[in-house]
Structures are given as C-alpha cells and as structure tokens.
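# Chain and residue survey
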Amino acid sequence: MRRILLFFEIITILLLSSCHAQLLEQASISYQKHHDYTSLETIYQHLTKGMERTDIERLLGEPDYSPIEGQYYYSSDREDYLENGNVGQNKVSVGVVLDYNNDKGILTDELQMFWLVPIGE
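Residues numbered from 1 in each chain as written. Predicted model: local features only at pLDDT ≥ 70, side-chain atom pairs only at ≥ 80, totals over all residues. Heavy atoms only, no water.

## Quick word on the overall build of the chain
Formally: Numbering of helices and strands runs from the N terminus; a helix is a DSSP stretch of H or I covering at least four residues, while a strand is a stretch of E covering at least two. Only protein chains enter the calculation, and the probe is 1.4 Å; a residue is then buried if its accessible area is under 20% of its type maximum, exposed if over 50%, and partly exposed in between. The method behind every accessible area is Shrake-Rupley, applied with a 1.4 Å probe, and residues are considered shielded solely by the protein chains displayed.
Of the regular secondary structure elements, the chain holds 3 helices and 4 strands. Across the chain, helices and strands are ordered from the amino to the carboxyl terminus as α-α-α-β-β-β-β. Here the chain holds 121 residues, and 31% of them are scored as buried. As displayed, the chain offers around 8,400 Å² of accessible surface, 53% of which is attributable to carbon and sulfur atoms.

So this is what it looks like as structure tokens:
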C-alpha cells in the first residue's frame, strides 16, 4: 500500500512539474512576441536569486534597456505612474529590472536582485 501511495505522489509531482514548465514556456513565448504584462508577471514569479543568466535570457529574450553593465530592464505593455508621480505626469512602462552585480559590484552570471516596478529611466 505504501508503494502505491509513493507511486501516486511521484506521478503527481511529475505532472505538476510538467504543467509548471508548460506555463512558463507559454509565458516566455507570449512575452517575447507581445511584451504583455501578464506573461512578464508569470515569468517574474518564477525568478529566483542565483538563476543563471542564460536561463533568464532564454525566457525573456533581449532586454529593452541597460543603464549599467549587469543591470537589465524588460518592459511590458502595462503603464503606471512612478511612486512619486504627480498628477499630469506621464505614465511609464511597468517592467522587470534584473541585476547580476553582486553586493561588491562585481558582475556575475547569476541573478542577484530583481524587481517588478514602473520603469522611469
């Protein structure tokens, strides 16, 4: 009986992993084609500190902007005001900022920090 339960647990984990991978792949395709916020948010939710840069670039494609080496901006079709935005101020794209520089400012190949924010640069 224990073996049957263990078998079903393993099958469930494999099925969930497969669904997770398909969802992420669909979000990647959609984001790279349309730069839609929904797909970018899905990808953002799956990012983790320490992820390899090549894996992230496979998901997101080329960045839209890079103010400094190791920091990359990916915009979306969603717009919002900056936190300190005044009435009448232009809206900016909401996007993901990725930083591969460690706390000593040294460029790495692993994700160090990331944010989903209105991009005002």
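Once you've had a look at it, read on.
## Structural notes on the pattern of salt bridges
Pairing is possible between side chains of opposite charge, provided their charged atoms come close. This is how it is decided: By salt bridge we mean one thing: a side-chain nitrogen of Lys or Arg within 4 Å of a carboxyl oxygen of Asp or Glu.
A full pass over the atoms with the stated rule returns 2 salt bridges. Here Arg58 ties to Glu25 by a salt bridge, and the two come within 3.2 Å at their closest N and O atoms. Of this pair, Arg58 sits in helix 3 (residues 53-60) while Glu25 sits in helix 1 (residues 2-34), and the two are 33 residues apart along the sequence. The class of Glu25 is partly exposed, set by a relative accessible area of 37%. In this structure, the salt-bridge partner of Glu57 is Arg53, at a minimum N-O distance of 2.9 Å. Note that Glu57 and Arg53 are positioned in helix 3 at a spacing of 4 residues, about one turn of the helix.

## Observations regarding the packing of aromatic side chains
The line we're drawing: Each Phe, Tyr or Trp ring, with Trp reduced to its six-membered ring, pairs with another whose centre is within 6.5 Å; inter-plane angles below 30 degrees give stacked pairs, above 60 give edge-to-face pairs, and intermediate values give tilted ones. Remark: a charge is flagged as sitting over a ring if the NZ atom of Lys or the CZ atom of Arg is within 6 Å of the ring centre and within 35 degrees of the ring normal.
Applying the stated criterion across every chain, the model contains 3 aromatic pairs. When the centroid spacing of 5.3 Å and the interplanar angle of 90 degrees are considered together, the rings of Tyr65 and Tyr73 count as edge-to-face. Given the relative accessible area of 37%, Tyr65 is considered partly exposed. For Tyr73, a relative accessible area of 7% gives the class buried. Between the NZ or CZ atom of Arg53 and the centre of the ring of Tyr100, over which it lies, the distance is 5.2 Å. One Lys or Arg, Arg78, reaches over the ring of Tyr37 and ends 4.6 Å from the middle of that ring.

## Side note on the sheet that holds strand 3 (residues 92-99)
For clarity, the cut-off: Strands were regarded as paired on the criterion that DSSP finds at least two bridges between them. For helices, the fitted line uses only the C-alpha atoms of the stretch in contact; every axis is such a line through C-alpha atoms, and the angle between N-to-C directions lies from 0 to 180 degrees.
Reading across the sheet, the 4 strands line up as 1-2-3-4 and stay open at both edges, with antiparallel pairing between neighbours. At either end of the open sheet lies a strand with only one pairing partner, and these are strand 1 (65-68) and strand 4 (113-118). Each strand of the sheet is rotated relative to its neighbour by a mean of 25 degrees, with strand direction disregarded. As judged from the 2 bridges shared by strand 1 and strand 2 (residues 71-80), these two strands associate in the antiparallel manner. Paired with Tyr65 across the bridge in strand 2 is Tyr73.

## Some details on unusual backbone geometry
For residues besides glycine, phi is generally negative; the peptide bonds are generally trans as well. Its identity is not glycine, yet His35 carries a phi of approximately 55 degrees, on the positive side. Along the polypeptide, His35 turns up in the loop between helix 1 and helix 2 (37-45). Residue His35 is classed as partly exposed on the basis of its relative accessible area, which comes to 24%.

## Details of helix 3
Rule in force here: The arc in question is the one spanned by the directions pointing from the helix axis to the C-beta atoms.
Three or more residues of helix 3 are buried, namely Arg53, Ile56, Leu59 and Leu60. The buried residues of helix 3 occupy an angular sector of 125 degrees when the element is viewed end-on, so they sit on one face. Two residues or fewer after helix 3 comes Gly61, characterised by a positive phi angle close to 80 degrees.

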